[in-house]
2 protein chains.
Amino acid sequence: MSDRIASAKLRDKVMSAEEAVQFVNHGDKVGTSGFTGAGYPKALPAAISEKAKAAHDKGQDFSIDMYTGASTAPECDGVLAEAGALRYRMPYQSDPTMRKKINAGEMKFQDIHLSHSGMMVEQGFFGEVDLAIVEAVRITEEGNIVPSSSVGNSVEFLNAAKKIIIEVNEWQSEELEGMHDIWTVPPLPNRIPIPITKCGDRIGTTYIEIDPEKVVAVVKTNDPDRNAPFKAPDEISEQIAGNFLDFLENEVKAGRLAYDGYVMQSGVGNVPNAVMAGLMDSKFENIQAYTEVIQDGMVDLIDAGKMTVASATSFSLSPEYAEKMNNEASRYRESIILRPQSISNHPEVIRRTGLIASNGMIEADIYGNANSTHINGSRLMNALGGSGDFTRNAYISSFISPSVAKDGAISAIVPFASHIDHNEHDAMVFITEYGVADLRGLAPRDRVAKMISIAHPSYRPLLEEYVELASKCKYQATPHDLRHAFDFHLRMEETGTMLKQD
Amino acid sequence: MSDRIASAKLRDKVMSAEEAVQFVNHGDKVGTSGFTGAGYPKALPAAISEKAKAAHDKGQDFSIDMYTGASTAPECDGVLAEAGALRYRMPYQSDPTMRKKINAGEMKFQDIHLSHSGMMVEQGFFGEVDLAIVEAVRITEEGNIVPSSSVGNSVEFLNAAKKIIIEVNEWQSEELEGMHDIWTVPPLPNRIPIPITKCGDRIGTTYIEIDPEKVVAVVKTNDPDRNAPFKAPDEISEQIAGNFLDFLENEVKAGRLAYDGYVMQSGVGNVPNAVMAGLMDSKFENIQAYTEVIQDGMVDLIDAGKMTVASATSFSLSPEYAEKMNNEASRYRESIILRPQSISNHPEVIRRTGLIASNGMIEADIYGNANSTHINGSRLMNALGGSGDFTRNAYISSFISPSVAKDGAISAIVPFASHIDHNEHDAMVFITEYGVADLRGLAPRDRVAKMISIAHPSYRPLLEEYVELASKCKYQATPHDLRHAFDFHLRMEETGTMLKQD
């Protein structure tokens, strides 16, 4: 293990998490590694939680502001939220305990585009960052960090922080070294073009250069990432994926897409899994991914020779695939690149690749405004993540979702989205198990029938009823009846279902 | 005049607009030059309108789909809308007649990010483009086009169109030649970085290369652009501008902005005019503009030596300044660059410049979601324009607006924006005559007091009333009471004012 810390100077900083937590103080601003349950610190969060609880027991205040790459895990976001150790958190979360605290108004959460989050820290919008806590597979002789299973915002946090704690996690394969491509845009006023023209271009180093003087502690860990078991796609997911693949086929027929070199971005979940399974048997070859997270399905596509390269900032694998990745990292690093999220999600590169974006949603309205974050406008589910980065800048942006949730009680198509994360100017195509609503080139009123056609049949009459009310509006650019715009959501609040009760 | 058409071959194509209109057929898709009342075709629109009316008089269908850069003028959008000659129009408009037709449901309008519009044509999302009609100051010997007072989407339209009509407008100064910088990103899959690192970089040609074989007509005109008289800023505008300039000063104090080399983007109107007048007397030096339109105030800043360079895609000048520009174009082209809007509004370059964006709005809600386009959710005002391109990618994005409109009947701050063009993830700072709401780093609930503080005092109790209702929401991530979210708008509909009537 000690040879994972090649810097003699930093070997001297090795201590336990319980000792290292002395460097974490009430009111600190702390940036950590971690993205979609990969590469987050494993030891310090528990130690910070204990410190917070001890302080609280003595009637003292103790909380920190925490910035990450994206979601982490129960042993990071979960324990910290549970202990009341967080005042503020950004830019993404998906933890059940944290979600509960946020929705109870017990902690603050700001939902920020993933491509903006590190940049905003760099720009000084959060003031001084006290501490960066970053997981590594290895520390080089020069004291630089070889990141583990994600890169996230670590570069920006390590640059900005006054102090650094490194967790060297032996569970992570040392063979991950060489998979990362660390390059970030120089700070203003010296920003330059990002020299990536193809998804697979490598432009940086395999490690993050840091100022070793800032390192106050090195903590050894040996703990797995949060790797959720793979859920086989259900029938609905397969239908949606089928519709998505039909859409791709139609784009090929229309001359707007080639079977060779299709560039994909994909959210995480059942439907993306089904899409990737479908791509396996498709005519698409030399598929590339320019995305946030490497999922099981992409590994399968790489193994099958269907995908030539996958660029992301993190893994989000099942336990089996995480083990495979750890065992065969030296092979996979030929075709997998992990970049800072400021690059994986950068509008500049996203536009350049001409990727087709595909993300989930909570609901969309009849004009094509999409809600990715809030149930009934108020209740935070997870957060925005990179959906805005990709949707706004994709060649074609799509949202994929089952037409209903909660056994039919919630419709994914509503009269007016109760929170709007992606507006009618950004979202192009919506897909459910009932088909494809292609809104490209359509004025608002021409979008309505398309959106209703992909709603669940039990909701179509209710949507038509709203359209009828809205049609009486004095102004027909985007007709609404604001008196009834949220009727679906109000019924849900009152009766537990968006359906009308007889 | 004839030496403005240096190509002998194209001189043979000279004809009147009435003759040239033979090439415009019912159902055609037509892309034209024109951006904010500059550089639009002056003769063909009237001829098309006459052709449409003649057909309609005979009981025949006649309408076209029309794509432009942005807004044009009464003698273009106005006459065409009046004649019922347009089925569909994108991506921006501001014409009173057209607005009326759109809101009456008599023509279709799609509101598209200005940076997306030409790209979507190039990507084939609108199918084949039948005709491009582009204004030029000159046709070169090789048959290439020297654009006039805007570039807009002309490159994309000229590339995509099967036929081309050129209007050579003698009113426009020939000295504009050399002011344009024509470069666009190569089409997919060959997109490359845009080699602009500073606002003033010139990377292309001074003319648009076309296929002269596609030119079916050249029409001579001698007509001015729509140059609206400059309106001196009123007291409220000056107060808002003062708050904006104070905000800039505070950014300098916080170390996040330098007096030297401030990069601005600015919407058009009274408040921007007042801001530019204020910059004249400020400590800011070597100001640069990376924006859509060159306005009077920027010309003043250039003349005063305060602004070193202004990059845009179009002019939007008063008649006096338009005359000055025409007379002294050879001098101004040292410091003014007109680019395709695909470059002036490209996320890639916008991010790189680190500009501070400043745009108007109709309303924003207590959480910082902004509506730029629709009054009461349904009634189209103008359109989105480039506000999304700049807001999403700015170093700091701001919205500036008087706190009330229509003598106090409409509040710019509302509980829930009735149309959301810029969401809480994009908008950072809101400014009215009552102050600055800086939302950076704030979770939703912490934004509310800031937003209410810049509302008009007569609306603050009503906003507090809503916040009180929303505070009872079971979920406190972004508390709303959807039952009352649109009360302001409904009162406006019912009583003509958002204020409560006793």
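Note that this is a predicted model, so its numbers are computed, not measured. (Residues numbered from 1 in each chain as written. Chains lettered and ligands numbered in written order. Predicted model: local features only at pLDDT ≥ 70, side-chain atom pairs only at ≥ 80, totals over all residues. Heavy atoms only, no water.)

A. Representation of the overall build of chain A within the structure. Across its full length, chain A holds 18 helices and 25 strands. Since a compact globule built from 502 residues should have a radius of gyration of about 23 Å, the 23 Å found for chain A is in line with a globular shape. If one aligns the C-alpha atoms of chain A with their principal axes, the spans along those axes are about 75 × 55 × 45 Å. The buried share of chain A, taken over its 502 residues, is 65%. Of the roughly 16400 Å² that chain A leaves accessible, carbon and sulfur atoms contribute 48%. Here chain A contributes 48 positively and 70 negatively charged side chains, and the mean placements of these two sets differ by 4 Å. (Helix = DSSP H or I, 4+ residues; strand = E, 2+ residues; numbered from the N terminus. Rg over C-alpha atoms; globule rule 2.2 N^0.38 Å. Buried < 20%, exposed > 50% of the residue type's maximum accessible area, 1.4 Å probe, protein only. Areas by Shrake-Rupley, 256 points an atom, 1.4 Å probe, with all protein chains shown as cover. Lys, Arg positive; Asp, Glu negative; His and termini not counted. Charge placed at Lys NZ, Arg CZ, Asp CG, Glu CD.)

B. View of the sheet that holds strand β17 (residues 370-371) of chain A. Residues and elements named next belong to chain A. Spatially, β17-β16-β23 is the arrangement adopted by the three strands of the open sheet, whose pairing is mixed. The open sheet terminates on both sides in strands that have one partner only, identified here as β17 and β23 (413-414). Of the pairings in the sheet, the one linking strand β16 (residues 363-365) to β23 comprises two bridges and is parallel in character. In the sheet register, aspartate 365 faces β23, and the bridge partner there is valine 414. (Pairing = 2+ DSSP bridges.)

C. Molecular detail of the UniProt feature "active site" (unreviewed entry) in chain A. Here, UniProt's "active site" (unreviewed entry) annotation points to Glu292 of chain A. Structurally, the position occupied by glutamate 292 of chain A is in the loop between β10 (287-290) and β11 (293-295). (UniProt positions renumbered as here; feature names shortened; annotations may be inferred.)

D. Quick peek at helix α5 (residues 96-103) of chain A. Residue and element names in this part refer to chain A. Residues of α5 that are buried: Met98, Arg99, Ile102 and Asn103. Considered in projection along α5, the buried side chains sweep an arc of 130° and stay on one side of the axis. Facing away from the buried side of α5, by more than 90 degrees, are the exposed residues Pro96 and Lys100. Where α5 is buried, its residues touch α4 (74-82), β3 (86-90), β4 (108-109) and β19 (379-380). Between a side-chain oxygen at the N-terminus of α5 and the backbone nitrogen of threonine 97 the separation is 3.0 Å; the capping residue is aspartate 95. (Arc of directions from axis to C-beta. Contact = heavy atoms within 4.5 Å. Polar contact = N/O pair within 3.5 Å; in protein donor to acceptor, adjacent residues only side chain to side chain.)

E. Region of the structure containing the interface of chain A and chain B. Between chain A and chain B, the contact holds 85 residues from the first and 85 residues from the second. Of the roughly 6900 Å² buried between chain A and chain B on both sides combined, carbon and sulfur atoms contribute 53%. For the chain A face of the interface with chain B, the top three residues by lost area are Arg351, Arg392 and His425 of chain A, together amounting to 12%. Along the contact surface separating chain A from chain B lie eight salt bridges. A salt bridge links arginine 352 of chain B to glutamate 348 of chain A; its shortest N-O distance comes to 3.1 Å. Only α5, β4, α6 (114-122), α14 (347-353), β19, α15 (387-393), α16 (444-453) and α18 (487-495) of chain A provide two or more residues apiece to the side of chain A that touches chain B. With five residues, α14 of chain A is the single largest residue contributor to the side of chain A that touches chain B. A class-by-class count of the residues in the side of chain A that touches chain B yields 34 nonpolar, 29 polar and 22 charged. (Buried area = accessible area lost by both parts, 1.4 Å probe. Salt bridge = Lys/Arg side-chain N within 4 Å of Asp/Glu carboxyl O. Nonpolar A, V, L, I, M, F, W, Y, C, P; charged D, E, K, R; others polar.)

F. Seen up close, the side chain of serine 314 of chain A. Residues and elements named next belong to chain A. With respect to the helices and strands, the residue serine 314 is situated in strand β13 (residues 314-316). Since its relative accessible area comes to 0%, serine 314 is described here as buried. Here the side chain of serine 314 touches phenylalanine 35 through a polar contact of 2.8 Å, landing on its backbone oxygen. A polar contact of 3.1 Å, which involves the side chain of serine 314, links it to the side chain of threonine 36. Apart from the residues lying within four places of it in its own chain, the contact partners of serine 314 are Phe35, Thr36, Ala38, Ser149, Ser150, Glu292, Val293, Ile294 and Leu338.

G. Molecular detail of the relation of the copies chain A and chain B. Mapping chain A onto chain B calls for a rotation angle of 180° and an axial translation of 0.0 Å; the resulting RMSD is 0.0 Å. Taken together, the rotation and translation describe the operation of a two-fold axis. The C-alpha atom lying nearest the rotation axis in chain A is that of glutamate 348 of chain A; the distance is 2.3 Å. Looking at chain A, 100% of its interface residues are interface residues in chain B too, so the copies touch through the same face. (Least-squares fit on C-alpha atoms with pLDDT ≥ 70 in both.)

H. Summary view of the packing of helix α3 (residues 44-57) of chain B against helix α4 (residues 74-82) of chain B. Residue and element names in this part refer to chain B. Relative to each other, α3 and α4 sit at 10°, their axes nearing to 8 Å. As far as their axial angle goes, α4 and α3 are roughly parallel. Of the residues in α4, those in contact with Pro45, Ala46, Ile48 and Ser49 of α3 are Glu75, Cys76, Val79 and Leu80. Class assignment of the residues belonging to the contact of α3 with α4 gives a composition of six nonpolar, one polar and one charged. (Axes fitted to C-alpha atoms, helices over the stretch in contact; angles between N-to-C directions. Parallel < 35°, antiparallel > 145°, perpendicular 65-115°, else oblique.)

I. Broad picture of the UniProt feature "binding site: CoA" (unreviewed entry) in chain A. All names here are of chain A. When the UniProt feature table is mapped to this numbering, "binding site: CoA" (unreviewed entry) covers Gly267, Val268, Gly269, Asn270, Val271, Ile362, Asn382, Gly386 and Lys406. Of the residues just listed, which span 140 residues, the most distant C-alpha pair is 25.2 Å apart, and they do not cluster in one region. Relative to the helices and strands, asparagine 382 is located in the loop between β19 and α15. Discounting chain neighbours no more than four positions away, the residues touching asparagine 382 are Tyr92, Gln93, Ser94, Arg99, Phe109 and Thr373.

J. Structural view of the sheet that holds strand β23 (residues 413-414) of chain B. An order of β17-β16-β23 (chain B) is seen for the three strands of this open sheet, with the pairing classed as mixed. Two strands close off the open sheet at either side, each with one partner strand: β17 (370-371) and β23 of chain B.

K. View of the side chain of serine 63 of chain A. Mapped onto the secondary structure, serine 63 of chain A falls in the loop between α3 (44-57) and β2 (64-67). You can call serine 63 of chain A buried: its relative accessible area is 15%.

L. Fine view of the packing of aromatic side chains. Per the stated rule, a full pass over the model turns up 24 aromatic pairs over all chains. Here the aromatic rings of phenylalanine 486 of chain A and phenylalanine 486 of chain B are separated by 5.1 Å at their centres, their planes lie at 10°, and the arrangement is stacked. Of the two residues, phenylalanine 486 of chain A is situated in the loop between α17 (460-470) and α18 and phenylalanine 486 of chain B in the loop between α17 (460-470) and α18 (487-495); the pairing between them involves two chains. Both residues of the pair, phenylalanine 486 of chain A and phenylalanine 486 of chain B, belong to the buried class. Arranged with centres 5.4 Å apart and planes meeting at 55°, the rings of tyrosine 262 of chain B and phenylalanine 284 of chain B form a pair that is tilted. Of this pair, tyrosine 262 of chain B sits in the loop between α8 (235-253) and β9 (263-264) while phenylalanine 284 of chain B is found in the loop between α9 (270-280) and β10 (287-290), placing the two residues 22 residues apart along the sequence. In this pair, the class of tyrosine 262 of chain B matches that of phenylalanine 284 of chain B, namely buried. By the ring-pair criterion, three or more aromatic residues cluster together here, those being Tyr67, Tyr88, Phe126 and Phe157 of chain A. (Phe/Tyr/Trp six-rings, centres within 6.5 Å; stacked < 30°, edge-to-face > 60°.)

M. Local environment of the pairing of strand β12 (residues 307-312) of chain B. All names here are of chain B. For β12, a buried count of five out of six residues is recorded, marking the element as mostly surrounded by other parts of the structure. Sheet topology note: the β12/strand β14 (residues 336-338) ladder contains three bridges and is parallel. In the strand pairing of β14, alanine 312 is matched with leucine 338.

N. Spotlight on the pairing of β2 of chain A. Residues and elements named next belong to chain A. Covered by surrounding structure in β2 are Ile64 and Met66 together with Asp65 and Tyr67, the residues of both alternating faces. The pairing of strand β1 (residues 29-32) with β2 spans three bridges and is classified as parallel. Residue pairing in the sheet places glycine 31 in a bridge with tyrosine 67 of β2. Running through α3, the crossover from β1 to the neighbouring parallel element β2 is right-handed. Here β2 runs beside β3; their pairing, made up of four bridges, is parallel. Residue methionine 66 lies in a different strand from β3, and its bridge partner there is arginine 89. (Right-handed = clockwise from strand over helix to strand, strands pointing away.)

O. Region of the structure containing the environment of isoleucine 203 of chain B. All names here are of chain B. Inspection of the secondary structure puts isoleucine 203 in the loop between β7 (161-169) and β8 (215-221). Classification of isoleucine 203 by relative accessible area gives partly exposed; the value is 21%. Sequence spacing of isoleucine 203 and glutamine 476 is 273 residues, and the spatial spacing of their C-alpha atoms is 51 Å. Those residues within four positions of isoleucine 203 in sequence are excluded, and the remaining contacts are Asp181, Trp183, Ile194, Pro195 and Ile196.

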